[in-house]
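# An overview of the molecular structure
Okay, here's what each chain looks like letter by letter:
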Amino acid sequence: MNFIISSSSMLHHLQAVSRVISSKNTLPILDNFLFQLKDNELIVTASDLETTLVTRIPLESSNETGEVAIDAKRITTILKEFPEQPLTFNIDKDTLTVDIISENGKFSIMGQNSADFPQLPEIKKNVHSVSLTAEVLLQGVSKTLFAASDDELRPVMTGINIELSTDHLTFVASDAHKLVRYRRTDVKASEEASFILPQKPAGLLKNILPKDNSAVNLQFDAKNALVEFNGYKLICRLVEGNYPNYEAVIPKENPNKLTIDRLDFYNSLRRVSVFSNQASNLIKLSLTANQLTVSAQDIDFSISAHERVKCQFEGDDMEIGFKSLFLIEILANLASTDVVMNMSDPTRAGVLEPLETESEHEDVLMLLMPMMING
């Protein structure tokens, strides 16, 4: 079993799929890549049982077939040390010896039996599917992933809830303190359906999805989801359970409206939050007609700070408290020059939206629960 491949091309693909491999695998075979030679392509698979990532690398010349498992860490470490050059792989199907022949040398490693590698899960019954672009899926995942919970006692909150409907495609993530809803009206499905994408495969998609309009095919059933794009195939087990009714927590009546330069607000929060209590991260916003005062204090260390920021505010003068860490994170994930923050009163959630969206088809909403201001 022989093939010739570019060292840099192979390294690029292997590094992409290697992100799946867990440092604490239950099966030793999962520390390996599965190499399959078929139809003039090298198919490389990595898995942790929950998530499997497959990439296809076109080959210049190879009409053979066969497969072998190769230690992932060793092969990527070797490839990092090669400059850009063609490499010849000679694999003995009987002894599983893998010889890597470069311009100036030969490097031999031992492969493992590919039969031990787990089979790919199948998308079987009641399959739902939707076609979209890589840019839409990347935006949906990137805008929401940071808001997903790490609380393993509430597993449904640890992923991104993806909803298909005949009107739009919606991505939602929440940790009960903050909530993000990203909606696209340019992607429609033939029927309503939803699934919860776990954080790990969502993070993988964020790293490997191209930032362009290339086609993506998304399929899922009750247990697994399959995403295919640009020579990659990701299959993952879904989070089981029903996502909470997030629409119920979004306040509908918000008479107080703050419009402010996002970067000015973001930078002010970063400066003033240094003086907040380390345990609570509480920051206070005092709002009047054309001025926002951001303040924080830590009584234990006798430190405090306040800073004024120009803004437009429509509504009654008010003071509201937020966890600065979460508010900074939300502002970092909004892309517009100016943001609008809608509030009803200091005890109800603040709703942040970009003043101008990047696309006419997108609707971005970020919600943050307030904190009690002592005294």
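Residues numbered from 1 in each chain as written. Predicted model: local features only at pLDDT ≥ 70, side-chain atom pairs only at ≥ 80, totals over all residues. Heavy atoms only, no water.

## Comments concerning a nonpolar patch on the surface
Residues V274, F275, F301 and I303 make up a contiguous nonpolar surface patch of roughly 390 Å² in combined accessible area. Inspection of the secondary structure assignment puts V274 in the loop between α5 (262-272) and β18 (282-288). (Patch = residues over 30% accessible without salt bridge, like charges linked within 9 Å, V, L, I, M, F, W, Y side chains within 5 Å. Areas by Shrake-Rupley, 256 points an atom, 1.4 Å probe, with all protein chains shown as cover. Salt bridge = Lys/Arg side-chain N within 4 Å of Asp/Glu carboxyl O. Helix = DSSP H or I, 4+ residues; strand = E, 2+ residues; numbered from the N terminus.)

## Some details on the sheet that holds strand β24 (residues 350-354)
Each strand in a sheet pairs with its neighbour through backbone hydrogen bonds, running either in the same direction (parallel) or in the opposite one (antiparallel). Across the sheet, which stays open at both edges, the nine strands sit in the order β13-β10-β11-β12-β25-β24-β23-β17-β21 with antiparallel pairing between neighbours. In this open sheet, the two strands that pair with only one neighbour each are β13 (193-197) and β21 (312-314). Averaged over all neighbouring strand pairs, the angle between strand axes comes to 15 degrees, with direction disregarded. Inspection of the sheet shows strand β17 (residues 256-261) paired to strand β23 (residues 338-343) by six bridges, in the antiparallel sense. Residue pairing across strands places D261 opposite D338, the latter belonging to β23. With respect to the sheet, α5 is in contact with β17 and β23, its orientation differing from that of β17 by roughly 90 degrees. Sitting on the sheet, helix α6 (residues 324-332) is in contact with β12 (178-184), β23, β24 and β25 (362-368), with an inclination near 170 degrees to β25. (Pairing = 2+ DSSP bridges. Axes fitted to C-alpha atoms, helices over the stretch in contact; angles between N-to-C directions. Contact = heavy atoms within 4.5 Å.)

## Observations concerning the sheet that holds strand β2 (residues 32-38)
The eight strands lie next to each other as β5-β2-β3-β4-β16-β15-β14-β9, forming an open sheet whose pairing is antiparallel. Among the strands making up the open sheet, the edge pair consists of β5 (66-71) and β9 (128-133). Mean inter-strand twist for the sheet, computed between neighbouring axes without regard to direction, equals 15 degrees. Pairing between β9 and strand β14 (residues 215-220): six bridges, direction antiparallel. Each residue of the ladder has a partner; that of S129, found in β14, is Q219. Strands in contact with helix α2 (residues 72-80) are β2 and β5; relative to β5, the strand with the most contacts, it is inclined by about 85 degrees.

## Thoughts on the nonpolar core
Counting 104 residues, the largest nonpolar core has F33, F35, L42 and L285 as its most contacted members. With near-sequence residues (within four places) excluded, L42 lies in contact with F3, I5, M10, F35, Q36, L37, T55, R56, I57 and L59. One finds L179, I196, A349 and L367 within the second-largest nonpolar core, a separate group that totals 13 residues. (Core = buried A, V, L, I, M, F, W, Y, C linked by side-chain atoms within 4.5 Å. Buried < 20%, exposed > 50% of the residue type's maximum accessible area, 1.4 Å probe, protein only.)

## Remarks on the side chain of D175
Along the chain, D175 turns up in the loop between β11 (169-174) and β12. Looking at D175, its side chain comes within polar contact range of the main-chain nitrogen of H177, at 2.9 Å. (Polar contact = N/O pair within 3.5 Å; in protein donor to acceptor, adjacent residues only side chain to side chain.)

## Notes on the pairing of strand β6 (residues 86-91)
Burial along β6 is one-sided: L87, F89 and I91 are buried, while P86, T88 and N90, pointing the other way, are not. Bridge analysis of strand β1 (residues 2-6) against β6 gives five bridges, and the strand direction is antiparallel. Opposite I4, over in β6, you have T88 as the bridge partner. Where β6 lies against strand β7 (residues 97-101), four bridges are found, and the strand directions are antiparallel. Looking at β7, one finds that F89 is bridged to I100. What sits between the antiparallel neighbours β6 and β7 is a turn of five residues, in which L96 has the positive phi angle 65 degrees.

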